[in-house]
Amino acid sequence: MIPVPTDVLACVVLEAEVAHVARRMVRLKHLERLEQGRHDEPQRVCEQLQQTVDRMEKLLGIEATVLACGLCSRDTEGTLCPPRSRP
């Protein structure tokens, strides 16, 4: 597998675990911690996640995004990271 520029969006509840893994990610370009307690508005959270994914793809040339979140209120459902074709 070819390492690609990677973005991690992680819930602060998983901060210690994500930090441990992120230290070993050679091509990590962006790590964003998501606030805890987002469960009340899952649709809003999904929209915010998608906006962040889209923004990081444009600004930093991100080719892979890791969502490190629990399944709380299914707030990541519907977030899209379209596949890229490689030259």
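Here, every reference points to the structure presented above.
Rules and cut-offs
Residues numbered from 1 in each chain as written. Predicted model: local features only at pLDDT ≥ 70, side-chain atom pairs only at ≥ 80, totals over all residues. Heavy atoms only, no water. 1 Å grid on protein atoms, 1.4 Å probe; cavity = no way out; pocket = protein on both sides within 12 Å on 5 of 7 lines; lining within 4 Å. Points joined across faces, edges and corners; volume = space filled by probe spheres on them. Helix = DSSP H or I, 4+ residues; strand = E, 2+ residues; numbered from the N terminus. Nonpolar A, V, L, I, M, F, W, Y, C, P; charged D, E, K, R; others polar. Pairing = 2+ DSSP bridges. Right-handed = clockwise from strand over helix to strand, strands pointing away. Polar contact = N/O pair within 3.5 Å; in protein donor to acceptor, adjacent residues only side chain to side chain.

Participant: Looking at this structure, how should I read empty space enclosed by the protein?
Facilitator: Space left empty within the atom packing is revealed by a probe, the size of a water molecule, rolled over the atoms. On inspection of all chains with the given rule, the structure shows one cavity of 30 Å³ or more. There is about 30 Å³ of room inside the largest cavity. Around the largest cavity, the lining residues are Ala10, Glu15, Val18, Ala19, Leu31 and Arg33. Contributing elements (two or more residues each) for the lining of the largest cavity: helix H1 (15-22) and strand S2 (28-34). Sorting elements by how many residues they give to the lining of the largest cavity places H1 first, with three residues. Split into classes, the residues belonging to the lining of the largest cavity amount to four nonpolar, no polar and two charged.

Participant: How should I be thinking about the pairing of S2 in this particular structure?
Facilitator: Alignment of strand S1 (residues 6-11) against S2, held across six bridges, turns out to be parallel. Across the sheet, residue Val8 finds its bridge partner in S2, namely Leu31. Where the polypeptide runs from S1 across H1 and back to S2, its parallel neighbour, the crossover connection is right-handed.

Participant: Quick question: what am I supposed to make of the side chain of His30 here?
Facilitator: Locating His30 in the fold gives a position in strand S2. Polar contacts involving the side chain of His30 include one to the side chain of Glu32, which spans 3.4 Å.

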